[in-house]
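The chain contents come next:
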Amino acid sequence: MSRQDPDVIDSVEKAFRVLEAFSADHPTLTVSEAAELTGLSRATARRILLTCARLGFAEVDDRRFRLLPRVLRLGYGYLASLPIWERAQPHMRRLAEEARESCSAATLDGEEIVYVARVPAKRSMSIVLNVGSRLPAHPTSMGRVLLASLPPDRLRERLGTMRLDQLTPHTITDPDALAAELERVREQGYAVVDGEREEGVRSAAAPVRDGSGAVIAAINVSANAGRVSVADLYERFVPLVVQAADAISRDIDFVPSS
């Protein structure tokens, strides 16, 4: 990358590639695994991992490296720079109480959404999600809200390169069909997903906007299909989610035009 852009430090770019290689699927990595996942040489991956260990961001046990809590400083710096989540929490708690379901907020990172705030339901869900959890954008309600907010040229580019994995029989995997669905989301101002990421889970999401009106995040409520029908999702949950998203947007000085 530095060969293409003289302002980019090649070694820093490589270090972040190694850090991003750790995931739920790869909680620990050997040097060889890190090299394979990042496309780096074993020597480079080894030096980066040992440097992370020396700085307290990782530890090694029997030649397997794992990240340490110190890496959370990087993510906390992002969350701390966005005080809107402090303002969002009361609205999200109210939404979770009114819907009696979990409420989450997420931002877009490439082809994935990243959870930045969450108010869990008192009842358990089949999958535990927390701040920092990542999910593919295309089969999720928050992902569709965020994708629909992209400028048309960027959205076309994104759809041309996205992996549209079929996670359930209901997942939209055709780029044209997804583009049409995103256009509907953009026009109606919310997204509804029924069993596309996980069978039996339904959700509704709406956009959160900053002071300029740009979409900076999305919030949603999600529920088990056994408790919430599709009709309930549209008739009860969508108005609640849109109302909460608009309230958060107003609290950060954006007032939707009437």
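Refer to the structure printed above.
Treat the numbers as computed from the prediction; the structure is a model and nothing was measured.

Draft legend 1. Geometry of the side chain of histidine 138. By the secondary structure assignment, histidine 138 is in the loop between β6 (134-136) and α6 (141-148). A polar contact of 2.9 Å, which involves the side chain of histidine 138, links it to the backbone oxygen of aspartate 165. With residues near it in sequence (within four places) discarded, histidine 138 still touches Arg144, Leu147, Met162, Arg163, Leu164, Asp165, Thr171, Ile172 and Leu178.

Draft legend 2. Up close: the nonpolar core. Core analysis: the largest hydrophobic core is formed by 30 residues, its most contacted members being Met92, Leu95 and Ile219. Only α5 (84-99), β4 (102-109), β5 (112-119), β8 (201-209), β9 (215-224) and α9 (230-251) provide two or more residues apiece to this core. With 8 residues, α9 is the single largest residue contributor to this core. Each residue touching isoleucine 219, except ones within four places of it in the same chain, is listed here: Leu95, Ser104, Ala105, Met142, Ala204, Ala205, Ala206, Val208, Val241, Ala244, Ala245 and Ile248. In this structure, Leu135, Leu146, Leu155 and Leu182 belong to the second largest nonpolar core, which totals 22 residues.

Draft legend 3. Fine view of the pairing of strand β7 (residues 191-194). Relative to β8, β7 runs antiparallel, the two sharing 4 bridges. Note that in β8 the partner of valine 192 across the bridge is alanine 204. Between β7 and β8, which follow one another and run antiparallel, lie 6 residues, and glycine 195 among them has a positive phi close to 70°.

Draft legend 4. Region of the structure containing the packing of aromatic side chains. Counted by the stated rule, this structure contains 0 aromatic pairs. One cation-aromatic arrangement involves arginine 70 over phenylalanine 57; the distance from NZ or CZ to the ring centre is 5.4 Å.

What counts as what
Residues numbered from 1 in each chain as written. Predicted model: local features only at pLDDT ≥ 70, side-chain atom pairs only at ≥ 80, totals over all residues. Heavy atoms only, no water. Helix = DSSP H or I, 4+ residues; strand = E, 2+ residues; numbered from the N terminus. Polar contact = N/O pair within 3.5 Å; in protein donor to acceptor, adjacent residues only side chain to side chain. Contact = heavy atoms within 4.5 Å. Core = buried A, V, L, I, M, F, W, Y, C linked by side-chain atoms within 4.5 Å. Buried < 20%, exposed > 50% of the residue type's maximum accessible area, 1.4 Å probe, protein only. Pairing = 2+ DSSP bridges. Phe/Tyr/Trp six-rings, centres within 6.5 Å; stacked < 30°, edge-to-face > 60°. Lys NZ or Arg CZ within 6 Å of the ring centre and 35° of its normal.

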